[in-house]
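# Working through the structure, step by step
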Amino acid sequence: MKFESAGPHHTLGNAPNGVQLDLVGVPTDEVVLSVPASEAGRVEELASPYLPYLERLLVTSSVVGPELLLESLATWDGTTPLKATRVVGGISAQVTSGGEPPYVVLVVHR
């Protein structure tokens, strides 16, 4: 993973496989995980190593973001847009897809 300079919207890193992790705010109040979606079946595989760290980055015990992402991907065929939102205990999560090249984006906000 390549690390870059900090700012109000800080790109923590870009992995060689195209996964990007962004932190927003100081202290962090939002984490954005962007996962390449050119192969719909690989999104969960690419995202999985990052999911356990989301709650630590937001200093919360909520797993709403990872749960929402995995539930959304369970039935996604890669051809229809993803759009799901959930709020649990003051933590909100949103999953979307789109772009060119295609990405699945998970935003978790505290």
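Right above here is the structure, for reference.
Residues numbered from 1 in each chain as written. Predicted model: local features only at pLDDT ≥ 70, side-chain atom pairs only at ≥ 80, totals over all residues. Heavy atoms only, no water.

## Thoughts on the nonpolar core
Counting residues in hydrophobic clusters, the biggest one holds 28 residues, and the most contacted among them are Leu33, Leu69, Val104 and Leu106. Listed by contribution, the elements that provide at least two residues to this core are β2 (20-24), β3 (30-36), α1 (43-47), α2 (51-57), α3 (64-74), β5 (91-98) and β6 (103-109). When residues in this core are grouped by element, the largest group, four residues, is from α3. If near-sequence neighbours (up to four positions away) are discounted, Leu106 is found in contact with Val31, Val32, Leu33, Leu51, Leu54, Gly65, Pro66, Leu69, Ala93, Gln94 and Val95. (Core = buried A, V, L, I, M, F, W, Y, C linked by side-chain atoms within 4.5 Å. Buried < 20%, exposed > 50% of the residue type's maximum accessible area, 1.4 Å probe, protein only. Helix = DSSP H or I, 4+ residues; strand = E, 2+ residues; numbered from the N terminus. Contact = heavy atoms within 4.5 Å.)

## Here we look at the environment of Leu54
Positionally, Leu54 belongs in helix α2. Its relative accessible area of 2% is what places Leu54 among the buried residues. Residues within four places of Leu54 in sequence aside, it is in contact with Leu21, Val31, Pro66, Leu106 and Val108.

## A short note on the pattern of salt bridges
Taken as a whole and assessed by the stated rule, the structure comprises two salt bridges. Between Arg42 and Glu45 there is a salt bridge, with its nearest N and O atoms 3.2 Å apart. Linking Glu71 and Arg86 is a salt bridge whose minimum nitrogen-to-oxygen distance equals 2.6 Å. Placement of Glu71 in helix α3 and of Arg86 in strand β4 (residues 83-88) is noted, with a sequence separation of 15 residues between them. (Salt bridge = Lys/Arg side-chain N within 4 Å of Asp/Glu carboxyl O.)

## A short note on the environment of Thr80
As for its position among the elements, Thr80 is in the loop between α3 and β4. The exposure class assigned to Thr80 is partly exposed, which follows from its relative accessible area of 44%. Linking Thr80 and Gly98, residues 18 residues apart in sequence, is a C-alpha distance of 9.3 Å.

## Topic: α3
The set of residues buried in α3 consists of Val64, Gly65, Pro66, Leu68, Leu69, Ser72 and Leu73. Against the buried residues of α3 lie α1, α2, β4, β5 and β6.

## Examining unusual backbone geometry
For the peptide bond that leads from Glu100 to Pro101, omega is 5°, which places it in the cis range. For Pro101, the position within the fold is in the loop between β5 and β6. You will see that Val59, though not glycine, has its phi angle at about 50°, which is positive. Locating Val59 in the fold gives a position in the loop between α2 and α3. Classification of Val59 as exposed rests on a relative accessible area of 70%.

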